[in-house]
Amino acid sequence: MKVLGLSFGKKNANCDILSKEALYGVKENFPEAEIKFINTQRLTIDRCIGCGACSTSLEKGGDNDCIIKDDFQMVEEAIREADAIILAAPVYVLQPVGQFKNLVDRFSCRHDVSAVNWVLDKRRTGEMPGDPDAYPQERLKRRVVSYISVGGAITENWTSMGCATLHLFGFPVMMKVVSNYNANSMGTVGNPYLDDELMGHMHEMGKRTAAAVFMDDKEVEYYGPKGHGTCPVCHQNLLMVNGTTTVECPVCGIEGKISIEGDRLEVEFSEAQQARARGTFAGLREHTEEIQGFGAICAPKIMAGKEMLNEKMKRIKKFDEMINA
Ligand SMILES: Cc1cc2nc3c(=O)[nH]c(=O)nc-3n(C[C@H](O)[C@H](O)[C@H](O)COP(=O)(O)O)c2cc1C
């Protein structure tokens, strides 16, 4: 079993300490585990530039590798090799630090299990070029993950989107989430080793994450310290509201029904909705199918408005002339 610790914090600071304690937990129960630790703080992981080279390559029969070459490839290789990942990132202005999102944008979409299989199925039927068996299947293998969001603020108020955003890393790859922990309060804790309960939780998180490698997804019991969250899939407490009693989990994209009794609010997410959460194959496939339709919808509109659009686009190209006039 290969276990990867991925820390986006400062060297030997809170993210490193918390995730390394979890990795001590892994080693205690699984001495044979191969453990790798990467601190990304000094790495260059540039942003996705939306060039589309990865998807074009896949559609033409190649792999969908990213053509921007920097430290990303080394991190990607380590993620691909791992069976279990402990990922810790600091909250910078309510969400994980931007470098984390750069990694998500360059790693996660390209490993979307439904999107890749969509193309491989078309290779099998001859609708797309390429050998379906040539694609490195291990890129799509099952992995488990636990997330640690680290913030300085005393209350959860200033870490409101930390944990939730960490989930964006693993859902396209259908990583099974074993645990996620909002380690806020670091500004007053001083050093995580001054909080025995917190460090005990990290240690146990490591043990459970490693154990989950040898279980089916259904057998994995979510390990959460502060209640199990409102959404039964991602265990987060964020909800999108639209003025009706139907609400949506912004992480999983599934609908629930709210009911209120006194000052208690319950949200019921049906089994059917849970089965179409973003991190399931069905949920990912909904999106794959949705985006296939873009061309058919836009192409006739663009063709019909071609002359007008050509004229209007001249304005955009001459924008600098306008502001400098
Ligand atoms: C630019 C910046 C913004 C931050 N914003 C928040 C915030 O919104 N909420 C919060 O709880 N902590 C915030 N922090 C504090 C960090 O999350 C905290 O110091 C954390 O321990 C850093 O992780 P590290 O110790 O592993 O480097 C911020 C820190 C920096 C440098």
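Residues numbered from 1 in each chain as written. Predicted model: local features only at pLDDT ≥ 70, side-chain atom pairs only at ≥ 80, totals over all residues. Heavy atoms only, no water.

K.L.:
Report on the packing of helix α1 (residues 14-29) against helix α8 (residues 196-212), specifying residues and quantitative values.
P.N.:
Running from N to C, α1 and α8 point in directions that differ by 50°, and their axes come no closer than 7 Å. Relative to α8, α1 is oriented oblique. In terms of crossing hand, the pair formed by α1 and α8 is right-handed. On α8, the residues that touch Ile-17, Leu-18, Glu-21, Ala-22, Tyr-24, Gly-25, Val-26, Glu-28 and Asn-29 of α1 are Leu-198, Met-199, Met-202, His-203, Gly-206, Lys-207 and Ala-210. Residues belonging to the contact of α1 with α8 are distributed by class as follows: nine nonpolar, four polar and three charged. (Axes fitted to C-alpha atoms, helices over the stretch in contact; angles between N-to-C directions. Helix = DSSP H or I, 4+ residues; strand = E, 2+ residues; numbered from the N terminus. Parallel < 35°, antiparallel > 145°, perpendicular 65-115°, else oblique. Left-handed = near helix turned anticlockwise from the far one by under 90°. Contact = heavy atoms within 4.5 Å. Nonpolar A, V, L, I, M, F, W, Y, C, P; charged D, E, K, R; others polar.)

K.L.:
Any details on the sheet that holds strand β7 (residues 240-241)? Residues and values, ideally.
P.N.:
Taking strand neighbours across the sheet as the criterion, the four strands line up as β7-β8-β9-β10 in an open arrangement whose pairing is antiparallel. The sheet is open, and its two edges are formed by β7 and β10 (264-268), each paired on a single side. Pairing geometry for strand β8 (residues 246-248) and strand β9 (residues 255-261), over three bridges, is antiparallel. Of the residues in β9, the one forming a bridge with Thr-246 is Lys-257. (Pairing = 2+ DSSP bridges.)

K.L.:
Give me the lowdown on the site of the ligand, citing residues and values where you can.
P.N.:
Around the ligand, 16 residues are found, and the nearest of them are Lys-10, Asn-14, Cys-15, Val-91 and Trp-158. Within the backbone of Lys-10, an N or O atom sits 2.8 Å from an oxygen atom of the ligand. In the model, an oxygen atom of the ligand is placed 2.9 Å from a nitrogen or oxygen of the Ala-153 main chain. When isolated, the ligand has an accessible area of 640 Å², and the protein chains bury 74% of it. A per-element tally of the shell around the ligand places strand β3 (residues 84-92) first, with three residues. Of the residues that constitute the shell around the ligand, the class distribution is 10 nonpolar, five polar and one charged. (Near = heavy atom within 4 Å. Polar contact = N/O pair within 3.5 Å; in protein donor to acceptor, adjacent residues only side chain to side chain. Areas by Shrake-Rupley, 256 points an atom, 1.4 Å probe, with all protein chains shown as cover.)

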